[in-house]
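# Chain and residue survey
Each chain, letter by letter, is given below.
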Amino acid sequence: MTGTLIQPTAIKDILIGILLCVLIIAIMYIMPLIGIFAWLFLPLPVLFYRLKAGRNGSGIIVAASLAVLIVFTNNFAFNTLYFGSLLMTGFFLGEFIEKHLTIEKIMLYTGLAVLGTCGAVLLIYSLTQAQGIEQLISNYVSRYQALSTQLFSESAQLYPEIKVDQQMLEKASSLFVMIFPGIFINSYLIMVWLNILFIKKLLLKRGIIIKSIENLNQWKAPDYLVFGVIALSVLIFLPVDMLKLLSVNCLIILMFVYFFQGIAVVSFFFQKKNAPFALKFFFYILIAIQPLFMFLVIGFGLFDTWINFRKLDTAT
């Protein structure tokens, strides 16, 4: 699972890794509906072959996959950066998993490494295009708002019987743009978490156990984060737009941290009671489609800070 030199036997692994990455990217382009879920799996081939073929092998997979994407789309823009960030996520996850860091550090360092790399690429790209990063991002946001407004207008024309409130939809679009950073970070955290679970299963089938990603159902958020939740909840009501924007996004991120803790609590009890697969599958589907159950899981995670459900259960 270690090593940075490319062995002759690793060439086959590299080619398979490139093929899998290109295939997933193609699915995301050709079949957008399936692509909504396919993006979750894009880091997995890079992660798997980072641990199997080494650093150089996985680096070639990332570079070759991006090169194929740029050639076929004939474009180097935010989409390329988006796919590149997913590929780099798999690479950096492999780096930090191999160092046997804690799960918090694996996720945090991966996010920071990908963010730093994307920021550097954006900076270089903005210099070559004689545009600042702020202008690039603002143009992208403006383009999104324009497309949203156009979509709302076309929907109102196609389905006049629905009586779409244009102003309400535009306000909803503006609200979504405001909380988009928090939603994006949460979706990224979910993707990283799922890839860690997937690689854990794949390695377990090969008889490889990594202690840092074992027993995830015993994970608990640091206690001091509760004070962050309390402080952010107060800051939201202050009449300062920028502070309110920052507080809302940070609070959304913290709620998902406690969502992960709540899932750990639920998983712990499922494992302890030897719950059947059908029951676990049904409950997780309810969490995915029913917001009430999602908030219930967040509540489990938040109150586990004080009550410590898993410790009390063990004591009894």
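Heads up: these notes are all about the structure in this document. As the structure is a prediction and not an experimental result, all values here were calculated from the model. (Residues numbered from 1 in each chain as written. Predicted model: local features only at pLDDT ≥ 70, side-chain atom pairs only at ≥ 80, totals over all residues. Heavy atoms only, no water.)

## A short note on the side chain of threonine 305
Assignment of secondary structure puts threonine 305 in helix H12 (residues 291-307). Side-chain polar atoms of threonine 305 contact the backbone oxygen of leucine 302, separated by 3.1 Å. Not counting residues within four places of it along the chain, the set of residues in contact with threonine 305 comprises Lys220, Asp223, Val226, Tyr258 and Gln261. (Helix = DSSP H or I, 4+ residues; strand = E, 2+ residues; numbered from the N terminus. Polar contact = N/O pair within 3.5 Å; in protein donor to acceptor, adjacent residues only side chain to side chain. Contact = heavy atoms within 4.5 Å.)

## Overview of the packing of helix H1 (residues 10-30) against helix H3 (residues 43-53)
At their nearest, the axes of H1 and H3 sit 9 Å apart, and the two run at 170° to each other. Considering their axes alone, H1 and H3 lie roughly antiparallel with respect to each other. Contacts from Ala10, Asp13, Ile16, Gly17, Leu20, Cys21 and Ile24 in H1 reach Pro45, Val46, Tyr49, Lys52 and Ala53 in H3. Of the residues in the contact of H1 with H3, the class split is nine nonpolar, one polar and two charged. (Axes fitted to C-alpha atoms, helices over the stretch in contact; angles between N-to-C directions. Parallel < 35°, antiparallel > 145°, perpendicular 65-115°, else oblique. Nonpolar A, V, L, I, M, F, W, Y, C, P; charged D, E, K, R; others polar.)

## Description of a nonpolar patch on the surface
Among the surface-exposed residues, Tyr29, Ile30, Met31, Leu33, Ile34, Ile36 and Phe37 lie close enough to one another that they form a single nonpolar patch of about 770 Å² accessible area. Of all elements in the fold, only H1 and helix H2 (32-38) reach the threshold of two or more residues within the nonpolar patch. Looking at the nonpolar patch, the element that brings in the most residues is H2, giving four residues. Within the secondary structure, isoleucine 36 sits in helix H2. (Patch = residues over 30% accessible without salt bridge, like charges linked within 9 Å, V, L, I, M, F, W, Y side chains within 5 Å. Areas by Shrake-Rupley, 256 points an atom, 1.4 Å probe, with all protein chains shown as cover. Salt bridge = Lys/Arg side-chain N within 4 Å of Asp/Glu carboxyl O.)

## A look at the packing of aromatic side chains
The geometry of two aromatic rings is summed up by the distance between their centres and the angle between their planes. A complete count under the given rule lists 18 aromatic pairs for this structure. Ring plane angle 20° and centroid distance 6.5 Å describe the contact between phenylalanine 92 and phenylalanine 96, whose orientation is recorded as stacked. Separated by four residues within a single helix, phenylalanine 92 and phenylalanine 96 lie in helix H5 (residues 78-98), roughly one turn from each other. Given a relative accessible area of 16%, phenylalanine 92 falls into the buried group. Exposure remark for phenylalanine 96: the relative accessible area of 15% places this residue in the buried category. Between phenylalanine 96 and tyrosine 109, the ring centres sit 5.7 Å apart and the planes meet at 65°, which makes this aromatic pair edge-to-face. A residue pair is termed long-range when its members are at least 10 positions apart, and phenylalanine 96 in helix H5 and tyrosine 109 in helix H6 (residues 103-128) qualify at 13 residues. Accessibility expressed as a relative area gives 34% for tyrosine 109, which makes it partly exposed. One aromatic cluster is present, formed by Trp193, Trp219, Phe256, Phe259 and Phe260 through successive ring pairs. (Phe/Tyr/Trp six-rings, centres within 6.5 Å; stacked < 30°, edge-to-face > 60°. Buried < 20%, exposed > 50% of the residue type's maximum accessible area, 1.4 Å probe, protein only.)

## Overview of the pattern of salt bridges
Applying the stated criterion across every chain, the model contains six salt bridges. For glutamate 98, the salt bridge goes to arginine 50, with nearest N and O atoms at 2.9 Å. Note that glutamate 98 is positioned in helix H5 and arginine 50 in helix H3, a separation of 48 residues in sequence. Residue classification places glutamate 98 among the buried residues on the basis of a relative accessible area of 18%. A salt bridge links arginine 55 to glutamate 95; the nearest nitrogen and oxygen atoms lie 2.7 Å apart. With arginine 55 in helix H4 (residues 55-73) and glutamate 95 in helix H5, the pair connects residues that are 40 residues apart, well separated along the chain. We classify arginine 55 as partly exposed; its relative accessible area is 32%. Its relative accessible area of 10% is what places glutamate 95 among the buried residues. Here the residues in one salt-bridge network are Arg50, Arg55, Glu95 and Glu98, joined through shared partners.

Honestly, it's all geometry; don't read function into it.
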